[in-house]
Structures are given as C-alpha cells and as structure tokens.
Amino acid sequence: MTVIERPLVETVRRPLRGGTRLATPQWIAAAPFFLYVGIFLLLPTAIVAGGAFIDGKGLSLSNFATMNQRFVINAFINSVVLSAISAIIGAVFGALLAYAVATGNPNGVFRRLVSSACGVLAQFGGVTLAFAFIATLGSAGLITLWLQQHGMRIYANGVWLYQLRGLVLVYTYFQIPLMVLVFLPALDGIRPQWREATESLGGGTWHYWRYVAGPLLAPAFLGSTLLLFANAFSAYATAAALINQGSIVASLLIANTLTSEVGLANPGIASALALVMVVIVAIVMVLYTVLQRRTARWLQ
Amino acid sequence: MSRNRRLKLQIFRVAVFLVLGAFFLLPIGAMFEFSTRGVTDTAPRTLNAWLTIGQTPDLVAAILASLGLAVLTSLGMLLLLVPTMIWIRLRLPYLTRAMEFLCLLPLTIPAIVLVAGLAPIYLWMNLNINDSILTLAFVYLILVLPFAYRALFTGLAAIDVKTLAEAARSLGANWGTVMLRVIVPNMSVAILNACLLSVAVVLGEFTIANLLNYVNLQVAIALLGRANATVSIAVAVASLLFAFILLVILSFAGRPRARVHLEDTGLPYPGAAGGGLR
Amino acid sequence: MTTAVAAAGVGTATRAGVEIRLENLRRRYGAVTALDGLTLTLAPGELVALLGPSGCGKTTALRLLAGLEEADGGRVVIGGHDVTGLPANKRDTGMVFQAYSLFPHMTAWENVAFGLQMRKIGAADRRRRAIETLELVGLGGFANRYAHQMSGGQQQRVALARALAIRPKVLLLDEPLSALDAKVRVRLRDEIRRVQLDVGITTLFVTHDQEEALAIADRVGVMQSGRLEQVGPPTTIYSRPATPFVAEFVGLTNRLPGIVRGGQVEVRGTSLPLVQPDAADGAAVALVRPEAVTFASDNETAAGPLVGTVIAVAFLGATSRVTVDLGDITVLAQLATSEAAAHPAGTRVRLALRPDAVLIARETTGATSA
C-alpha cells in the first residue's frame, strides 16, 4: 500500500501545473463563490422568471394579463417618461459639468473635488435624498418658505414635489453626477490635436463640433444616457420615500403588488411585472454596452 | 488656443460650477437647516433633534443593526471574492468571464426585482434557520458584488499576480502564504476600497430591508419621518455625512497607484442600473 | 514617382514654395519666456529644422506660425502676407503632429479629405484628391483603413497626406517621428524629405533629435531658452558650431580644461587655435570633437598628459568610438575601425589632438559630455 500511495502523494504535492492527475480538481476552490451566487442571485432571479408563468392553477400566462390594466400601463408609461426625462436632463447637465471639468487642469484640486463629489452623489439616493428635497422644496422647505416670504407660491396648484414632476427633479440629483462619472473618461479621450488639426485644415469651432468632437462623443453620450435611463427605471427607494401612496411608477407598483398592506399581495403578478422590468433594463444595458465598446475603440 | 476662446471657456466653466454647485449644495444645506429648527416658527435654533437620536431606542437598534450588517457584508465579501478572484487569475482564467458576468449581473437586476425572488427564500430561512435582521447580509453581499468586484479587479490588474505567485512558490510558500502574505498586501488599497464601498452600500440600503420587513437604518429613518420629521432628517444628515466621509477617504486616499481606466477593465460603471440605493 | 506627384496635383503647381518670415516673435507663459525675439526666414521650398532641448521654444515657434498660439509681439509673414492676426483656420498651413492626430472615426481617405471638405470641394473631387495624396505617401491601398487598423508609421504618413492635400503654403512638422520605433523613424524621415522635395513646399520641422535634424534639413536652427543660437546648413552646425551650447548639443564633445593664452588654448600640452581668437586669457574648457582626437603616431606611452588606458571600444561600423582614461579625465576618440582594433581595451595609448579651431566654454567643471 505504502509503495503504491507514495507517488500519488507526490503528485498532489507537486505544483498544480497542467491540471492533470490531481486528487481534487482546481475548480473546487472557486465553487463556493459560484454556489453562493447561485443561491442568492440566480435562484431569486429564476424564482421571479418562473413565478411569472405560474398562477394558482399551474403554468399560465395569466399573470401577464394585468399588463392590460390601465393602472399598470400607466405606471410603466410613467416610469419610461420619468426615466427618459431625468436621463436626458441628467445627461445634458452632466455632460456640461464633465466638459467644464475636462477642460481644466487634469491634476488640479478642482477636478479631484468634483469627481469625488460626483462619486458620492451618484450613490446618493433613497430616503436621505427624498428628505433632502422635502427639507428644500417640501411644504415647509427652506426654499418654499423663502419664496413665500417674497410673495411667490410655487405650490399654488398642489405640491408637485410628490408627483411625477417632483421625481424628475429629485432623480436629476443622482443622474447628473452619474453622467459625469461615465462621460468624463470619454471626454478625456478627446485629444487636443484633433481640434488643432481641424483648425489647421481650415475648420472653425462649428466644424470641429459638427464633424469631429460631435460624432466622436455621440456614442458615449447616447450610451451614458441609456445607462441613466436604466438607472432611473430601476430606482425604487427614492420614489418610495417621497411618495407614500399609490403606484405611479413601475417599481412602486411591483413593491405594492408584492407586499400589499390590504391583503391583495400577488407574488405571481409581482413576478410578471418584475420580469417585464428586468427585460427592459437588460435591453437598455445591452445597448449601452455596445455603444461603450465603440467609445473605447475611438477614445482610448 | 486663442485668448478670446480661453476667456469664454473660463466664463462657461465658472457658470456651470456655480449653477450646479448651488443645485447640489442647497438640498444638503436645507437638511441642516431643517434639522435645527425649533418647535415653532419663532423658536430659536436648537440641536434638540440631534440630541434625540441617542434617546430613541428603535433608532439606536437600527443603527447598530446596519453597522453589524456592514461589517458582516464586508467580511463575507472579502472571504468570497478575494481568494476566488486570485485563484481564477492564477489557475482558472477560463472562468474570468463567467465570474465577471455574475458579479456585474446585479447591475442589470433591479433590487426591486431581486426582492420579489428573495421573498420566498427569506420566508424559508426565517422559518427554518433564523429570522435575525443580520441575515440580510446574505443578500447585501450580492448587492455589493459589482462595486467590490470592480475595486478588487482594479487592484489585481495593477499587479503581476502570476509572477508574484510563481516567485513565492519557488521560494517554498504554500498557496495560503502566497495569497495572505504576498498578493493581499499588494492589493491592500483595493481591499480597503472594496470594504468602504460595501459599507456605504449597506448603510444606504432601503429597498430590500423595507420589503422584507426588516428595520435597518434607512427604514428606521423613513418610519421616523412620519412621527418626527426633524429627528429623522437629523439622522439622515448624520448618515449622509458618514457615507460622505467614507467615500471621500476612498476617493482621495484610496487612489490606486496605477490608474486603470474604465475602458481598460472593460467593466461598466457599477451602481448604475441596479438602483440598489435608490 | 513623378507621375504620382503630377497626378496628385500637389507637385508642379506649388513647386515654387513661398517665403516665410518670422520677425522678432515673442511669447511668454506666465513667468516663463518661451520665445524671446525669434527671427528666422525660410526661403521658398526650403526645409528648416528647429532643434533644441524640450522647453527651448521650438514648438512654440511652430505653433505661432500655425496660428495655434498668439504671439505677444513680432510678425509672421507667409508669402509676403502678414498673417500675424489670422486664426489657424485662415492661414493655409498643413500641420503634422507628434502622434494620434488622425480623427479615429474617419478612414484614412476621409481624414485626408477633411481639409478639402472644409474648403467646400465637392465630394467626388475630395475623394479623388484624397486617394491621390495617399498614393503620394505610398498608402494608396490603405484608403479605407481606420487609425486603429494602422501602424504608427502609417498613421503619420496619413497625417502627412492630410496636411498636404489642402495644398498649403507651408508644411509644419511637430516632432512627427518621436513616437515611432528607431527603424521606422529613419525610413519615414527619408520619406518625408522625398515628398517635401517633390512638392517643393516650404517646411518647418521641429525636433529634439539632432541626428534627425542634420539628416533631413536644408538648414538647422539650434534653439535654447527661446532664442536661436545658430542657423546654418547641417555641416556648418556640426563642424563650426557658433556657441558652446551648439557644440555640446549637436554631436558628442569632449570637455577638456585648458588655459587661454594669446588667441590659443593650451590643452594638456597641446596648443589649439580658437574659433574666436579674441577670447580673454585665463582658464577655460575646450570643446573638442571625438573626431579631432587621434592616436599619436609614435608609441611613447611611458608618461605624458595625453597618455592613458583604453577602457572601452564601441564598434559603430566604419568607425569606432574609443574611451580612454587619462587618469583625471576620460576622453572619447572616434577613429577608423581598423585603427581602433589595434588598441583593444586595456592597452596603453598616447592620444593627439588635431589642431582644428575649437570653441571654449568658461566653466571648468565636467570632463566628457555627450
């Protein structure tokens, strides 16, 4: 036995090069990670995907029937509108800020300050953000009161902060910094030689933006805007903290369908709605990735 | 660049900074203002709301729970990610794409969707294992994956893991020593980054805790908001400041030596679409 | 080749280049003086290389000529027209940058056609002329490539074609070879010169590489601290440097301490004539080219100020560079390889200094400088 076992032990002790003749396969070391992700990420996703097609009686598409109902359609339309508008506003102002940063000293304090602040603010959201805007523009908010003292009433037609318009405003607060973070690398990829080459070839500022910088930045801008769209589309906490009742956007609708306080919870329908959301986000993210690749090739 | 254009550019930059600076600072300033208001309009400014934080047991419990979750999540994240990432880089490069895909997947799956699938799993865990709020750490680890993976990936990309490992192995180190004493010390900044980001994510999380009926810091603030607006806003400011400090430490001190660009790593920006915090 | 040039229409039509005058140009950046009164005239069709260390103002001079920077004072005259106040896009200059200047979202021919588009030339004409110009630089088959599909050398050729396609009055080259490998650099250098001669365009070439400048230019201008130290044909710059700076920047130079006395400098027992015989007496450093250092004909190596040990022999082809340790100083000698081979490292030798006129510097430090 000893005689036979010895070479086997030698083999195991050897550096694991080549991956042949091992007592335990090398991938075992990576197994815990994949197992964990399987249980806490893939399984819940599968539960949602599967649950969407199961109702009380078994396999069925009935859960998707709710997609015909007025309030569901409205919630998704509202979500698309909210995400699109906040993404476009965020993209435009974020791009302006990014440009202002990119044209400054690349190692300056100022740039570090802005990029640090954007790193923080892009993650800022949820309850805290909702409260910040309530403290600013709520009925007793700082600006609301100040304007009142000066004879201006911004809420003459109702407190729009708690409506879709309010969500647009609040969402721009994290959309702009996110835009700066994702768009700045593209702007940094723009080389000053390109402007100078344009000029020496006879082009002016307009030609430069129209034929050179514009086309070069367009994929990055569009891609970033899509990312912002997905970002707003899947956001829940901020809307939940700002709007106590109703399901004016898709994420609130899913949450309310999932845990209705009046006992109308329906996991099957919630899964169906969640699946629709995840499909929309996934499509947007795939487009974003495609555009990001093109940007990387041009602006490296 | 002509002087005229340079001047115009400067004016444009200053204008952008002033306008957007005001937009971003006003709400935070307003929160401070709100949290120091007296009971009535004419009452003097007071720090009562801030002092009340420590005397609200529910709040204290929620803060402790969130801090506990932050620690557990960070530790779990390190245990799960660091050895696996190093091992995959050294020995299983064909798994790189699979791991990257899984780690970035939470970006595409909104937290609100995840929670719909988690509900039955947590129901089962509550009945059969434990119903402590700390079990949230399991799913929070998933939420921090994209952030942590990206931070660690940047750290690993900046060092030549293979050569370091081969050098250490040829000097007689076993694999545990290679990881703990050779590779990990060389990516300490990345590990710090990953931890700080994880802590920030956990402290800011609302969606999952709320929908699974756990009271963490953010849920507690939201609940308190209905009863005592000034106190809840004071806590919100405090938690924001805490996150701010963490992330400023991260962006200033935690700068990796070799700057790896977004395009180099090929990873999308984390925290973008997952909406974990929002 | 001639047919390609004629077909491109950039040859004969503009073969007579225009004169360019830079008059007393001055430019400051904050406290730094980049150009301190630069005056330089380029004859029609001439290629002048501006040579100097980084920060000497050579790039500023080129950018002032291109109109990419504004001068604080002085004039830029192109073909008799004062263009000092004109912006870059009105100056009719073709510029080739250091690297990465091709528009990455355009193919090679689109890049070359861009300047023609700015001049509102019709699409069909643009394409034809762009492809002809690409043929001129030897890249006819690369018209549909993008920058990221080409090597660095090819990209620079496209950049050259782009600059030439607009038939500019002046061609400006801003260190166009510095980002390339040594081999490609030499080939493209010769290629640039060929095209420039074919087209006959007045050209300003900025570089920090002395070999490049001497090889390509009709005249070389050596700059330091915003001023021109010397302008002249490459041979003059090399063999009769006007200032110690030029002598040391261009080529290798031995710095040998000596004493100036009566219009001569005495170096280690040898009297050498001075380039400026009116120099005041006293201690000085003579700047002696390695070519002016030879082995003495006799083999008397017992003692003497020029007796030492060979410590290294570097084979350069027809010549070899020999490093000799004289005890207190090392000296470089450049000799025929056959001669150098007779004295391998370790042998004792006696050196001799050829009595060429030398420049002197007044500091007394240092021994050999590259």
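Residues numbered from 1 in each chain as written. Chains lettered and ligands numbered in written order. Predicted model: local features only at pLDDT ≥ 70, side-chain atom pairs only at ≥ 80, totals over all residues. Heavy atoms only, no water.

Asks: Quick question: what am I supposed to make of the overall build of chain C here?
Replies: When helices and strands are tallied, chain C shows 10 helices and 21 strands. Principal axes of the C-alpha set define a box for chain C whose edges measure 80 × 45 × 35 Å. Residues counted as buried form 52% of the 370 residues belonging to chain C. Taking the contacts inside chain C whose residues are at least 6 apart along the sequence as the reference set, 68% of them involve residues at least 24 apart. Where the 39 positive side-chain charges of chain C centre and where its 36 negative ones centre are 7 Å apart. (Helix = DSSP H or I, 4+ residues; strand = E, 2+ residues; numbered from the N terminus. Buried < 20%, exposed > 50% of the residue type's maximum accessible area, 1.4 Å probe, protein only. Contact = heavy atoms within 4.5 Å. Lys, Arg positive; Asp, Glu negative; His and termini not counted. Charge placed at Lys NZ, Arg CZ, Asp CG, Glu CD.)

Asks: I tried to follow the nonpolar core on my own but got confused; where do I start?
Replies: Soluble globular proteins: nonpolar side chains tend toward being buried together. Ranked by size, the top nonpolar core spans 231 residues in total, and within it Met31, Leu81, Leu136, Leu152, Ile183 and Ile208 of chain B carry the most contacts. Those residues in contact with leucine 81 of chain B, other than ones at most four positions away along the chain, are Phe33 of chain A together with Met99, Cys103, Leu145, Ala148, Tyr149 and Leu152 of chain B. Ala147, Ala163, Leu177 and Ala217 of chain C belong to the second-largest nonpolar core, a separate cluster that totals 43 residues. (Core = buried A, V, L, I, M, F, W, Y, C linked by side-chain atoms within 4.5 Å.)

Asks: Explain the interface of chain C and chain A to me, please; I cannot follow it from the model alone.
Replies: For an interface, size is often stated in terms of accessible area lost upon the parts coming together. Counting residues at the interface gives 23 residues for chain C and 19 residues for chain A. Carbon and sulfur atoms make up 65% of the area that chain C and chain A hide from each other, which totals about 2000 Å². Along the contact surface separating chain C from chain A lie 1 salt bridge. For arginine 63 of chain C, the salt bridge is made with glutamate 196 of chain A, and the minimal N-O distance between the two is 2.6 Å. For the pair chain C and chain A, the interface holds 9 residue pairs in polar contact (both at pLDDT 80 or more). Counting only elements with at least two residues in the side of chain C that touches chain A, the list comes to β6 (93–96) and α3 (108–118) of chain C. (Buried area = accessible area lost by both parts, 1.4 Å probe. Salt bridge = Lys/Arg side-chain N within 4 Å of Asp/Glu carboxyl O. Polar contact = N/O pair within 3.5 Å; in protein donor to acceptor, adjacent residues only side chain to side chain.)

Asks: I keep staring at the interface of chain B and chain A and nothing clicks. Help me out?
Replies: The interface of chain B with chain A comprises 87 residues on the first partner and 91 residues on the second. Around 7800 Å² of area is buried between chain B and chain A when both sides are counted, 75% of it from carbon and sulfur atoms. The interface formed by chain B and chain A includes 1 salt bridge. A salt bridge links arginine 5 of chain B to glutamate 199 of chain A; the shortest N-O distance between them is 2.9 Å. Summed over the shared surface of chain B and chain A, the result is 7 residue pairs in polar contact (both at pLDDT 80 or more).

Asks: Help me out: how do you make sense of the environment of tyrosine 155 of chain A in this one?
Replies: Residue and element names in this part refer to chain A. Along the polypeptide, tyrosine 155 turns up in the loop between α6 (142–149) and α7 (164–188). Classification of tyrosine 155 as buried rests on a relative accessible area of 12%. Considering only alpha carbons, one finds tyrosine 155 and leucine 137, 18 residues apart in sequence, at a separation of 9.6 Å.

Asks: Explain helix α11 (residues 250–258) of chain A to me, please; I cannot follow it from the model alone.
Replies: Residue pairs three or four apart in sequence face the same way in an α-helix, which turns once every 3.6 residues. In terms of burial, α11 of chain A is largely enclosed, as 8 of its 9 residues are buried. Against α3 (70–102), α10 (237–242) and α12 (267–298) of chain A together with α5 (111–128) and α10 (207–211) of chain B lie the buried residues of α11 of chain A.

Asks: Looking at this model, I keep getting lost on the side chain of threonine 203 of chain C. Mind explaining?
Replies: All names here are of chain C. Considering the arrangement of structural elements, one finds threonine 203 in strand β8 (residues 202–207). Classification of threonine 203 by relative accessible area gives buried; the value is 0%. One polar contact links the side chain of threonine 203 to the main-chain carbonyl oxygen of isoleucine 201, over a distance of 3.0 Å. Not counting the four nearest positions on each side in its chain, threonine 203 is found in contact with Leu42, Glu46, Leu47, Val48, Leu171, Leu173 and Gln196.

Asks: How should helix α2 (residues 31–51) of chain A be read in this particular structure?
Replies: Where α2 of chain A bends most, at glycine 38 of chain A, the angle is about 40 degrees. If you check which residues of α2 of chain A are buried, you get Phe33, Tyr36, Val37, Phe40, Leu41, Pro44, Val48 and Gly51 of chain A. At its buried positions, α2 of chain A is contacted by β1 (54–55) and α12 of chain A together with α3 (57–90), α4 (96–108), α5 and α6 (136–157) of chain B. (Bend = angle between axes of the 7 residues up to and from the residue.)

Asks: Please clarify how the packing of α11 of chain A against α12 of chain A should be interpreted in this entry.
Replies: The geometry of a pair of packed helices is captured by two quantities: the angle between their axes and the separation between those axes. Residue and element names in this part refer to chain A. Where α11 meets α12, the closest approach of the two axes is 8 Å, and the angle between their N-to-C directions is 160 degrees. Viewed along their axes, α11 and α12 adopt a mutual orientation that is roughly antiparallel. When the axes of α11 and α12 are compared, the crossing they make is left-handed. Here α11 contributes Ala250, Ser251, Leu253, Ile254, Thr257 and Leu258 to the contact with α12, which in turn contributes Ile269, Ala270, Leu273, Ala274 and Met277. Taken together, the residues of the contact of α11 with α12 break down into 9 nonpolar, 2 polar and no charged. (Axes fitted to C-alpha atoms, helices over the stretch in contact; angles between N-to-C directions. Parallel < 35°, antiparallel > 145°, perpendicular 65-115°, else oblique. Left-handed = near helix turned anticlockwise from the far one by under 90°. Nonpolar A, V, L, I, M, F, W, Y, C, P; charged D, E, K, R; others polar.)

Asks: I would appreciate a short explanation of the confidence of the model for chain C in the present structure.
Replies: Detailed reading of predicted coordinates is not advised where the pLDDT is low. Residue and element names in this part refer to chain C. Per-residue confidence for chain C gives a mean pLDDT of 87; residues scoring 70 or more make up 93%. Note that residues 1–14 has pLDDT below 50 and, in this model, 18 contacts with residues that lie over four places away or in other chains. Confidence drops under pLDDT 50 across residues 364–370; counting only partners more than four residues distant or on other chains, this segment forms 21 contacts. (pLDDT = per-residue confidence, 0-100.)

Asks: Just to check I follow, could you spell out the side chain of glutamine 193 of chain A for this structure?
Replies: Structurally, the position occupied by glutamine 193 of chain A is in helix α8 (residues 192–200). Its relative accessible area of 17% is what places glutamine 193 of chain A among the buried residues. If near-sequence neighbours (up to four positions away) are discounted, glutamine 193 of chain A is found in contact with Phe97, Ala99, Tyr100 and Ser101 of chain C.

Asks: Got a minute to help me understand the sheet that holds strand β9 (residues 219–224) of chain C in this structure?
Replies: Strand pairing in a sheet is mediated by backbone hydrogen bonds. Such pairs are either parallel or antiparallel. Residues and elements named next belong to chain C. Within the open sheet, the 6 strands sit side by side as β6-β7-β8-β3-β9-β10. Their pairing is mixed. The strands lining the two open edges of the sheet, one partner per strand, are β6 and β10 (227–232). Each adjacent strand pair in this sheet contributes to an overall mean axis angle of 20 degrees, direction not counted. Sheet topology places β6 next to strand β7 (residues 170–174); 4 bridges connect them, and they run parallel. Along β7, the bridge assignment pairs valine 96 with leucine 173. Relative to the sheet, helix α2 (residues 58–66) contacts β3 (47–51), β6, β7, β8 and β9, its axis offset from that of β7 by approximately 145 degrees. Contacting β6 and β7, helix α5 (residues 152–165) crosses the sheet at an angle of about 175 degrees to β6. (Pairing = 2+ DSSP bridges.)

Asks: Mind showing me how you'd approach the pattern of salt bridges here?
Replies: Proximity of charged atoms lets side chains of opposite charge pair with each other. By the definition in use, this model includes 31 salt bridges over all chains. A salt bridge links arginine 97 of chain B to glutamate 100 of chain B; its shortest N-O distance comes to 3.6 Å. Pair noted here: arginine 97 of chain B and glutamate 100 of chain B are both in helix α4, with a separation of 3 residues, about one helical turn. Salt bridges sharing partners connect three or more residues here, namely Glu196 of chain A together with Arg27, Arg63, Glu69 and Asp72 of chain C.

Asks: So what exactly am I meant to see when it comes to the confidence of the model for chain A here?
Replies: Residue and element names in this part refer to chain A. Across chain A, pLDDT averages 83, with 90% of residues at or above 70. The least confident element of chain A, judged by mean pLDDT, is helix α1 (residues 2–13) at 41; the most confident is α3 at 93. Low pLDDT (under 50) marks residues 1–21, which in the prediction has 11 contacts with non-local residues, meaning those over four places away or in another chain.

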